[in-house]
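# Overview (structure and organization)
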Amino acid sequence: MRLTLLTALGAGCAVVVALQSLTGGSPADTTVRAGLVPGDAVAAAPDADPGGTTTTIPLAAGRPGVRVVGASPRILEVPAVRTRPFDLLGVTWDDPRAALDGRVRIRVRDRRTGDWSGWRQVTGASDDAPDVGSAERDAPGARGATAPFWAGPSDGIQVQAAPGPSGLPAGLRVDLVDPGTGAHSSVEPRVLPAAGPGDAGRRLAHRAYTADRPTIVTRAGWNADESLLSGEPEYTGKVKVVFIHHTATGNDYDCSEADAVVRSIYRYHVKSNGWRDIGYNFLVDKCGTIYEGRAGGVDRPVMGAHTLGYNSDSAGIAAMGTFSSGEVSEEMLDAIARLAAWKLGIGGRSPLGTAVMGSRRTTLQAISGHRDALATQCPGDVLYADLDDIRNQAAELQGR
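Because the structure is a prediction, the values reported are computed rather than measured. (Residues numbered from 1 in each chain as written. Predicted model: local features only at pLDDT ≥ 70, side-chain atom pairs only at ≥ 80, totals over all residues. Heavy atoms only, no water.)

Here the structure, examined in full by the defined rule, presents two aromatic pairs. Look at Trp 222 and Tyr 266: their rings are 5.4 Å apart centre to centre, the planes differ by 80 degrees, and that puts the pair in the edge-to-face class. Of this pair, Trp 222 sits in the loop between β15 (216-217) and β16 (241-246) while Tyr 266 is found in helix α2 (residues 258-272), placing the two residues 44 residues apart along the sequence. Across the pair, exposure class does not vary: Trp 222 and Tyr 266 are buried alike. Ring centres of Phe 243 and Tyr 310 lie 6.2 Å apart, and the angle between their planes is 65 degrees; this geometry places the pair in the edge-to-face category. Of this pair, Phe 243 sits in strand β16 while Tyr 310 sits in the loop between β18 (290-292) and β19 (314-319); the two residues are 67 residues apart in sequence, bridging distant segments of the chain. Tyr 310 matches Phe 243 in its accessibility class, with the two residues each being buried. Over the ring of Tyr 253 we find Lys 286, and its NZ or CZ is 4.5 Å from the ring centre. (Phe/Tyr/Trp six-rings, centres within 6.5 Å; stacked < 30°, edge-to-face > 60°. Helix = DSSP H or I, 4+ residues; strand = E, 2+ residues; numbered from the N terminus. Buried < 20%, exposed > 50% of the residue type's maximum accessible area, 1.4 Å probe, protein only. Lys NZ or Arg CZ within 6 Å of the ring centre and 35° of its normal.)

Nonpolar side chains in soluble globular proteins generally cluster together in the buried interior. Leu 283 and Ile 317 are the most contacted members of the largest nonpolar core, which has 55 residues in total. For this core, the element with the highest residue contribution is helix α3 (residues 330-346), accounting for 11 residues. The residues touching Ile 317, leaving out its near neighbours within four places in the chain, are Val 242, Phe 243, Ile 244, His 245, Phe 282, Val 284, Ile 336, Leu 339 and Ala 340. Grouped together as the second largest cluster of nonpolar side chains are 18 residues, Leu 100, Val 108, Leu 168 and Val 174 included. (Core = buried A, V, L, I, M, F, W, Y, C linked by side-chain atoms within 4.5 Å. Contact = heavy atoms within 4.5 Å.)

Our focus in this paragraph is the pairing of strand β9 (residues 102-110). Direction of pairing for β9 relative to strand β12 (residues 149-163): antiparallel, over a ladder of nine bridges. Paired with Asp 110 across the two strands is Ser 154, which belongs to β12. (Pairing = 2+ DSSP bridges.)

This next bit is on the pairing of β16. Regular strands show a simple pattern: their side chains alternate between the two faces of the sheet. Among the six residues in β16, six count as buried, and that is most of the element. Burial along β16 is two-sided: the face carrying Val 241, Phe 243 and His 245 and the face carrying Val 242, Ile 244 and His 246 are both buried. As paired strands, β16 and β19 are joined by six bridges and run parallel to one another. Looking at the pairing, Ile 244 lines up with Ile 317 of β19. In this sheet, strand β22 (residues 367-369) lies alongside β16 in parallel orientation, the contact comprising three bridges.

Between its first and last C-alpha, α2 extends 20 Å over 15 residues, near the 21 Å set by a 1.5 Å rise per residue. Of all 15 residues in α2, 13 are buried, a share of seventy percent or more. Immediately beyond the C-terminal end of α2, within one or two residues, lies Gly 274, with a positive phi of roughly 85 degrees. (Expected span 1.5 Å × (residues − 1).)

The omega torsion of the bond from Cys 378 to Pro 379 falls at 10 degrees, within 30 degrees of zero and hence cis. By the element assignment, Pro 379 lies in the loop between α4 (370-373) and α5 (381-385). Although it is not a glycine, Asp 313 adopts a positive phi angle of roughly 60 degrees. Locating Asp 313 in the fold gives a position in the loop between β18 and β19. The backbone of Arg 361 shows a phi angle near 55 degrees, a positive value even though the residue is not glycine.

Moving on, we get to the state of the cysteines. Across all of its chains, the model carries one disulfide by this definition. Each sulfur in the disulfide pair Cys 255 and Cys 287 lies 2.0 Å from the other. Between Cys 255 and Cys 287 the disulfide shows an S-S torsion of about 90 degrees. By sign, it is right-handed. Here Cys 255 is found in the loop between β16 and α2, whereas its partner Cys 287 is found in the loop between β17 (282-284) and β18, with 32 residues between them in sequence. (Disulfide = S-S within 2.5 Å.)

Right, let's get into empty space enclosed by the protein. Following the criterion strictly, the structure yields two cavities of 30 Å³ or more and no others. One number sums up the size of the second largest cavity: a volume of about 50 Å³. Every residue along the wall of the second largest cavity is listed here: Asn 281, Phe 282, Glu 292, Arg 294, Gly 297, Val 298, Arg 300, Val 302 and Lys 343. For the lining of the second largest cavity, a count of residues per class yields three nonpolar, two polar and four charged. (1 Å grid on protein atoms, 1.4 Å probe; cavity = no way out; pocket = protein on both sides within 12 Å on 5 of 7 lines; lining within 4 Å. Points joined across faces, edges and corners; volume = space filled by probe spheres on them. Nonpolar A, V, L, I, M, F, W, Y, C, P; charged D, E, K, R; others polar.)

So this is what it looks like as structure tokens:
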């Protein structure tokens, strides 16, 4: 077995640990386990972004202390090494079309307390992605990836990757992302305040279906590092459907950290997935703050990378968190309704309407969950159960 570390460059800190199956034995009875904790010295290079670094951690089969234990499953134990701080992580692999057949669990070390979390499973391959055949999906460096996981301030990680019947995909690796402080243009507004009938979006709308633009934190407002962007925005027809997602990053973030969560997802989508920009058109935190996602203009139909096969004529709104259980805050639900009412109104669409979408000509509601288009658990059972209320509230905001 060989373990090699790759490093994603750019603002913030991205530590990438590559994992491969053990040679010998069937894929089904092999578990790869990597442990990263403070300890051994590491080589660090300064990053261009203030407050961020890029760390390289070499791992090799000949490293002292590496051993295989157990019989079924076989477990490779890698000696502990120190990591630079990180806040978000995910697992990626070489082929963006390949699925992750197996289970990946992680636990992280809190860099403030030194305590270790419990084991958590990383969500498997995601259909939050560019459409098949698009230049973005086929771009050099594009990779398959799990949903990112927000760990919070951390400085150590342990990983268990247990292959399924097909084995682990080639080039499997764990990416650890430090969002840094970001960088922004002082020329761009940091917040677009709520606007009434005179705003540009409503002038483009059919008068029968209009709603006021909600307050939106711009990319400059969350300190997006625009040097990470590649290529120009692509535009589609008018937005017919708004897809509701959850980021599956977890709910253990403070609202004061939300801009860092957005920067982390942005960096993960660009540097780890190999996309040109963050995939979602908008993100909403649990305090109800709305963030501009993919660049190109909040009132324009920007092609996103959020619902595989259905990115044309749609917009993706990502609820920041995991909503398979528990509750969704009223602030988040209200913000999603306000944003969906405004965005659909620009194209003259009612939140209570339907549209035929995608190559399969699927009839979808104007406000749909990700799972309505694809076989996924997104946006989680709890948030999905709230979609009718969101539709009705959005319709009221349009005066329906």
